[in-house]
Amino acid sequence: QVQLVESGGGLVQAGGSLRLSCAASGRTFSSYVMAWFRQAPGKERHFVAVITYQGDRTYYADSVKGRFTVSRDNAKNTVYLQMNSLKPEDTAVYYCAARLPPNVVMSTTAYDHWGQGTQVTVSS
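Summary of the structure given here. (Residues numbered from 1 in each chain as written. Predicted model: local features only at pLDDT ≥ 70, side-chain atom pairs only at ≥ 80, totals over all residues. Heavy atoms only, no water.)

## A word on the packing of aromatic side chains
Piece 1. Tallied over the full model, the rule gives five aromatic pairs.
Piece 2. Taking 5.4 Å as the distance between ring centres and 75 degrees as the angle between the ring planes, the aromatic pair formed by F37 and Y111 counts as edge-to-face. With F37 in strand β4 (residues 33-39) and Y111 in the loop between β9 (92-99) and β10 (113-114), the pair connects residues that are 74 residues apart, well separated along the chain. This pair shows no difference in class: F37 is buried, exactly as Y111 is.
Piece 3. Ring geometry for Y111 versus W114: centroids 6.3 Å apart, planes at 70 degrees, classification edge-to-face.
Piece 4. Owing to a relative accessible area of 5%, Y111 belongs among the buried residues under this scheme.
Piece 5. The class for W114 is partly exposed, based on a relative accessible area of 25%. (Phe/Tyr/Trp six-rings, centres within 6.5 Å; stacked < 30°, edge-to-face > 60°. Helix = DSSP H or I, 4+ residues; strand = E, 2+ residues; numbered from the N terminus. Buried < 20%, exposed > 50% of the residue type's maximum accessible area, 1.4 Å probe, protein only.)

This is the structure:
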């Protein structure tokens, strides 16, 4: 069992940057695959990025590749999403999610634990 709390969202102008954090509490954070998803109003929740439990591999949605970076600090029980070159279409609620390894799947149904989300708004 793990609890997740996202933070770092806010309003930013196009081309700017934000760093989201996901703080975890509970057992064995380092044993979880961690992922980021996002959901815009009226849209489905979509995969953004995922990182293996060891932090040695990362995968990204094509829409954010080259702009976003996911990382983790297991000593701090925290996963991050660095977002650069933000675009208005990045506007969404961003969610942190966790699942047991080894799979790094990109489907919402594969994740057992979710945070409450943090709003990211990119103005044009």
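So much for the structure itself; the text now carries on.
## Some details on the sheet that holds strand β8 (residues 78-83)
Piece 1. Pairing in this open sheet of four strands is antiparallel, and the strands run β1-β3-β8-β7 from one edge to the other. Looking at strand neighbours, the two that pair on one side only are β1 (2-7) and β7 (68-73), the edges of this open sheet. Between one strand and the next, the sheet's axes are offset by a mean angle of 15 degrees, whatever the strand orientation.
Piece 2. One ladder, built from six bridges, connects β1 with strand β3 (residues 18-26); its direction is antiparallel. Across the sheet, the residue bridging to Q3 is S25, located in β3. (Pairing = 2+ DSSP bridges. Axes fitted to C-alpha atoms, helices over the stretch in contact; angles between N-to-C directions.)

## Examining the environment of R38
Piece 1. Here R38 shows up in strand β4.
Piece 2. Along the sequence, R38 and Q119 sit 81 residues apart, while their C-alpha atoms lie 9.3 Å from each other.
Piece 3. Residues contacting R38, with those up to four places away along its chain left out, are E44, R45, H46, V48, S63, V64, F68, E89, D90, A92, V93 and Y94.
Piece 4. At 2.9 Å, the side chain of R38 and the side chain of Y94 are in polar contact. (Contact = heavy atoms within 4.5 Å. Polar contact = N/O pair within 3.5 Å; in protein donor to acceptor, adjacent residues only side chain to side chain.)

## Description of the nonpolar core
Piece 1. If you look at the biggest cluster of nonpolar residues, it comprises 36 residues, and the most contacted ones within it are M34, W36, L81, M83 and Y94.
Piece 2. When near neighbours in sequence (up to four residues on either side) are disregarded, L81 contacts L18, R19, L20, W36, V48, A49, F68, T69, V70 and Y94. (Core = buried A, V, L, I, M, F, W, Y, C linked by side-chain atoms within 4.5 Å.)

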